[in-house]
Amino acid sequence: MDQKQQRYEPHAIETRWQARWDAERVFAVSDDSDKEKYYLLEMFPYPSGRIHMGHSRVYTIGDALARIKRMQGFNVLHPMGWDAFGMPAENAAIARNTHPAEWTYSNIDYMRSQLKKLGYSHDWGREFATCDPSYYRWEQLVFLKMWEQGLVYRKKSMVNWCETCQTVLANEQVEAGNCWRCDNPVNQRELYGYFFKITKYADELLDWLDKLEGWPEPVKVMQRNWIGKSYGAEIHFPIEGRDEMVKVFTTRADTLFGATFMSLAPEHPLALQLSEGTGQEQAVKDFIAKVKRQSFSERADDKTKEGVFTGAYCTNPMTGRRMPVYVANFVLMEYGTGAVMAVPTHDQRDFEFAQEYDLELVEVITGPEGPLGVESMTQAFTDYGALVNSGEFDGMSSKEAQRAIAAALEAKDLGRETIHYRLRDWGISRQRYWGAPIPVVHCEKCGQVPVPEKDLPVELPLEAQLTETGGSPLPHLDSWVNTACPTCGGPAKRETDTMDTFVESSWYFARYACPHYNQGPLEPGATNYWMPVDQYIGGIEHAVLHLLYSRFYTKVLRDLGYLTADEPFTNLMTQGMVIKDGAKMSKSKGNVVDPDHMVDKYGADTVRLFILFAAPPEKELEWSDQGVEGASRFLNRLWRLGMAVAEQAKGVAPYASGELAPALAALHAKTHETIKKVTQDTGDKFQFNTAIAAVMELVNAISLAEQDQSVAGLPGREAVLREAVESAVLLASPMAPHISDELWSRLGHEGLLIDHPWPSWDEAALVQEEKLVVVQVQGKVRNKLTLPASATDAELEEAALADEKVQKFIDGKAVKKVIVVQGKLVNIVV
């Protein structure tokens, strides 16, 4: 064979095999109940313009597993689509003087070509973009069904407002007081908006976390904390001179006798009302206006505790104490009831506020050392303890008193034991253009009227012109906003808010099961066959946004009769970030690596192999140009070896049985050891890095055997070499599919590797002769290990360093070098 034919040319090979995969629709899949299904999905991308290394990593991890599962006999669904609505497209379109739709679909075309260049096994026949009316029409239908079930409502409320993005944000989209998109401060604004009643599902969302055994614990902890189920008491404080009560929720009813003032959130409906006619009205108005200009982070800042007296008082229901009512910037309407009974001796925040405004302190909880005395307190005592200055409850433990005081309050009709959730209903209204229209019209006569099902979809008008200010053009587009009321036929106006884009991503995974179904959101047979997703892969940053919303929406679809699944994702893997020079890749840091450039330089298989080999999937991946070079060298070596064995073993079947010389028996054993390790490491463990290392070791062993003149001409040599090379190619194929399919073809096979069964190992082949290895530390014998006779020097070193007895003699010292002598002695120098 001439040298040109034998040279590894990745671009020609990859282009050829990608064309064949496309032409033969190799990755298209149908509902096949005769096979066990396996639905693998990576979080779909936002069409921002280019695939970045973060995308490349998550899709490479998913693709390797999808290919393995297909070879293991599963009916694998591995789809791809586009999370296409959203503010970035709108802002980019304004900056480029184009339309969001044009920008979005252009990006989709380019990014699709990038993904295909990497050789991913996606079923492109199921592709869709969420900005297409054929997708969001069904989302609008689900909205109407939720409306019918009382799961959607509209109200005026204080909302999170991002001035930069000119839109409302859900609580989950505010991170440390800033917008999750632009990272600018979030303020408060009162607006009408639509809400999904996610709180109705709070207990089920919480309870099912215990059943999600395939989810990482950190994600479950984050969701538990966000749902925030708390056991405590609701307490009513009568307002002096009024028939109203201030209602609070507290987990520390045991401290009630120490409550000396009341703190209200500036958004609390009583904040202004209580100041009327007290002489404090203007001061309260000014303070509330000031707080509305503050960001969440400013209000949460421990150094900025501010408040104003309303001029009103309420009464402590147990002590009868007259308690001044303040409005305080650190009290948030989103938590509890927006009112806090202030116990300065036992809450540090209240203590500091009381010090600032010279408010009364009463000690009611003591530790083992007894009362501290309010005169000597320099900070609040926040632990549990025994009650003092609490009347009939003196001497009780905090835990006892909490229930006893709640019972006493209930007897007076001034409170009760209750459960509270941190979770708030999901506000879905967004004041932006590029989103799914909310299917509601507003009629002066009939009020809010849902759009009839027959009139869906309510399409987003593509003729709308965006403005540089970033505000939505929909309220000003008369031809679209003006319509007829579906109930009375009179003049009405369409709802001009659009849905939060997290609505689209909360059910896309189910639509992949039946993307062309046009009789409803989901086709029952296909959806019930494929759902839930068996393995979902994506970033942990979505723990309390996309992942929580998807769980909620799945349960809604189930209750509406569209799904039978209780949860969307059986298993979840959260991959680590790709970093370079110790930092997350970003244009501002100048450390971005373009996947396209890497593919053009080295080929897709090299990029894929490096991504999988450089680090375990859940860990950060440090980009290394030297590592990429190393992956390229390995593939070149695999190519040369595969081509050499294809020539030498032409017409020879892989080894099956018969006597072998020791060196050939060792290679046969190494082949089966490798099959076993790769199979076990790439299962649910996702340890592709160690699997690739094992394939590299096998390739090294094949190379040594191929060059070993002592076995030249011996019976079984070509058969064992073919078995080893074919196994190496099979095992490498999920990670480097193009070169593997090419070598498989050069080795004389006609079919595609993805249709070839995954190799199995022979336990009998793993039984090897053993040898005794002496281990020294600083030249002194410290242990003797029994190891396989075929163990390499590297394996001997690893075993010696891992031995518990040897570790005691190393005693934590740094190992300077390890010397292996003739495969029988290991000397460790520290």
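In the block above lies the structure referred to throughout.
For every chain, the first residue of the written sequence is number 1, and numbering continues from 1 along that sequence. Confidence filtering applies because this is a predicted model: local features only for residues at pLDDT of at least 70, side-chain atom pairs given and counted only at 80 or more, and all residues used for totals across whole chains, interfaces and linings. Excluding hydrogens and water, the side-chain values take into account all heavy atoms of the structure.

Caption draft 1: Local environment of the side chain of His-268. The helix count covers DSSP runs of H or I at least four residues long, the strand count covers runs of E at least two residues long, and both are numbered beginning at the N terminus. Within the element layout of this structure, His-268 appears in the loop between strand E10 (261–264) and helix H9 (270–273). Buried residues are those whose accessible area, probed at 1.4 Å on protein chains only, stays under 20% of the maximum for their type, while exposed residues exceed 50% and partly exposed ones sit between those limits. We classify His-268 as buried; its relative accessible area is 11%. Side-chain polar atoms of His-268 contact the backbone nitrogen of Leu-270, separated by 3.0 Å. Contacts are assigned to residue pairs that have any heavy atoms within 4.5 Å of one another. Residues in contact with His-268, not counting those within four places in the same chain, are Met-333, Thr-337, Gly-338 and Ala-339. We call two N or O atoms a polar contact when they sit within 3.5 Å, provided that within protein one can donate a hydrogen and the other can accept it, with sequence-adjacent residues counted only if both atoms are side-chain atoms.

Caption draft 2: Representation of helix H19 (residues 595–602) within the structure. Residues of H19 that are buried: Pro-595, Asp-596, Met-598, Val-599 and Tyr-602. The buried residues of H19 occupy one face: seen down the axis, they fall within an arc of 165°. If you follow the buried residues of H19, they end up packed against helix H2 (10–23), helix H3 (53–71), helix H5 (100–117), helix H20 (604–613) and helix H21 (625–648). Of the residues flanking the start of H19, the one acting as N-cap is Asp-594, its side-chain oxygen 3.0 Å from the backbone nitrogen of Asp-596. Directions pointing from the helix axis toward each C-beta atom define the arc.

Caption draft 3: Spotlight on the pattern of salt bridges. Here a salt bridge means any side-chain nitrogen of Lys or Arg lying within 4 Å of a carboxyl oxygen belonging to Asp or Glu. All chains considered together, the criterion is met by 48 salt bridges. In this structure, Lys-555 engages Glu-204 in a salt bridge whose closest nitrogen and oxygen atoms are separated by 3.3 Å. Taken as a pair, Lys-555 in helix H18 (residues 546–559) and Glu-204 in helix H7 (residues 202–209) lie far apart in primary sequence, 351 residues in all. Accessibility classification places Lys-555 together with Glu-204 in one group, the buried group. Here Lys-670 makes a salt bridge to Glu-795, at a shortest N to O gap of 3.2 Å. Of this pair, Lys-670 sits in helix H22 (residues 662–681) while Glu-795 sits in helix H27 (residues 793–802), placing them 125 residues apart in sequence. Among the charged side chains, a network of salt bridges with common partners joins Glu-204, Arg-551, Lys-555, Arg-558, Asp-559, Asp-566 and Glu-567.

Caption draft 4: Just the state of the cysteines, in detail. Only a pair of cysteine sulfur atoms within 2.5 Å qualifies as a disulfide here. Counted by the stated rule, this structure contains 0 disulfides. Between Cys-131, a cysteine without a disulfide, and Cys-514, which holds the nearest cysteine sulfur, the sulfur-to-sulfur distance is 19 Å. With no disulfide of its own, Cys-485 has Cys-488 as its nearest cysteine by sulfur position, at a separation of 3.8 Å.

Caption draft 5: Seen up close, the sheet that holds strand E29 (residues 770–777). In this description, strands pair whenever DSSP reports at least two bridges between them. Spatial strand order, E30-E29-E32-E31: 4 strands in an open sheet with mixed pairing. In the strand order of this sheet, the two ends are held by strand E30 (780–788) and strand E31 (817–821), each with one partner. Each adjacent strand pair in this sheet contributes to an overall mean axis angle of 20°, direction not counted. Note that E29 and strand E32 (residues 825–829) share 4 bridges and pair parallel. Every angle, taken between N-to-C directions, lies between 0 and 180 degrees, and every axis is a line fitted to C-alpha atoms, over only the stretch in contact when it is a helix.

Caption draft 6: Quick look at the packing of H20 against helix H23 (residues 688–707). Axis separation between H20 and H23 bottoms out at 7 Å; the angle between their running directions is 115°. Packed against H20, whose contacting residues are Leu-609, Leu-612 and Phe-613, the element H23 presents Phe-688, Asn-689, Ile-692, Ala-693 and Met-696 at the interface. Polar here means any residue outside two lists: the nonpolar Ala, Val, Leu, Ile, Met, Phe, Trp, Tyr, Cys and Pro, and the charged Asp, Glu, Lys and Arg; Gly therefore counts as polar. In terms of residue class, the contact of H20 with H23 is made up of 7 nonpolar, 1 polar and no charged.

Caption draft 7: Focus on the packing of aromatic side chains. Aromatic contacts are taken between Phe, Tyr and Trp rings whose centres are within 6.5 Å, Trp giving its six-membered ring; a plane angle under 30 degrees counts as stacked, one over 60 as edge-to-face, and the others as tilted. Following the criterion strictly, the structure yields 40 aromatic pairs and no others. An angle of 45° between the planes, with centres 6.2 Å apart, marks the rings of Phe-143 and Trp-147 as tilted. Residue Phe-143 and its partner Trp-147 are located together in helix H6 (residues 133–148), separated by 4 residues, close to a single helical turn. On the numbers, 5.6 Å between centres and 70° between planes, the contact of Tyr-508 with Phe-509 is edge-to-face. Judged by its relative accessible area of 0%, Tyr-508 falls in the buried class. Two conditions define a charge located above a ring, namely a distance within 6 Å from the ring centre to NZ of Lys or CZ of Arg, and an angle within 35 degrees of the ring normal. A cation sits over an aromatic face here: Arg-67 above Trp-21, 4.9 Å from the ring centre. Just above the ring of Trp-161 sits the side chain of Arg-189; from NZ or CZ to the centre is 4.2 Å.

Caption draft 8: The sheet that holds strand E11 (residues 307–315), seen in detail. Spatially, 4 strands are ordered E11-E12-E10-E13 in an open sheet, and the strand pairing comes out mixed. Across the chains shown, the open sheet's two edge strands, defined by having one partner strand only, are E11 and strand E13 (339–342). Direction aside, the axes of adjacent strands within the sheet are offset by 25° on average. Of the strand pairs in this sheet, E10 and strand E12 (residues 322–328) are connected by 3 bridges, and their pairing is parallel. Residue pairing in the sheet places Ser-263 in a bridge with Tyr-326 of E12. Contacts between helix H10 (residues 281–292) and the sheet are confined to E11 and E12, with E11 contributing the most and set at about 120° to the helix.

Caption draft 9: Fine view of unusual backbone geometry. Backbone torsion omega between Leu-456 and Pro-457 reads 0°, so that peptide bond is classified as cis. Residue Pro-532 follows Met-531 across a cis peptide bond; omega there is 0°. Among the structural elements, Pro-532 can be located in the loop between helix H17 (524–530) and strand E24 (533–538). Backbone geometry places Asp-581, a non-glycine residue, at a positive phi of 55°. Tracing the chain through its elements places Asp-581 in the loop between strand E26 (578–580) and strand E27 (583–584).

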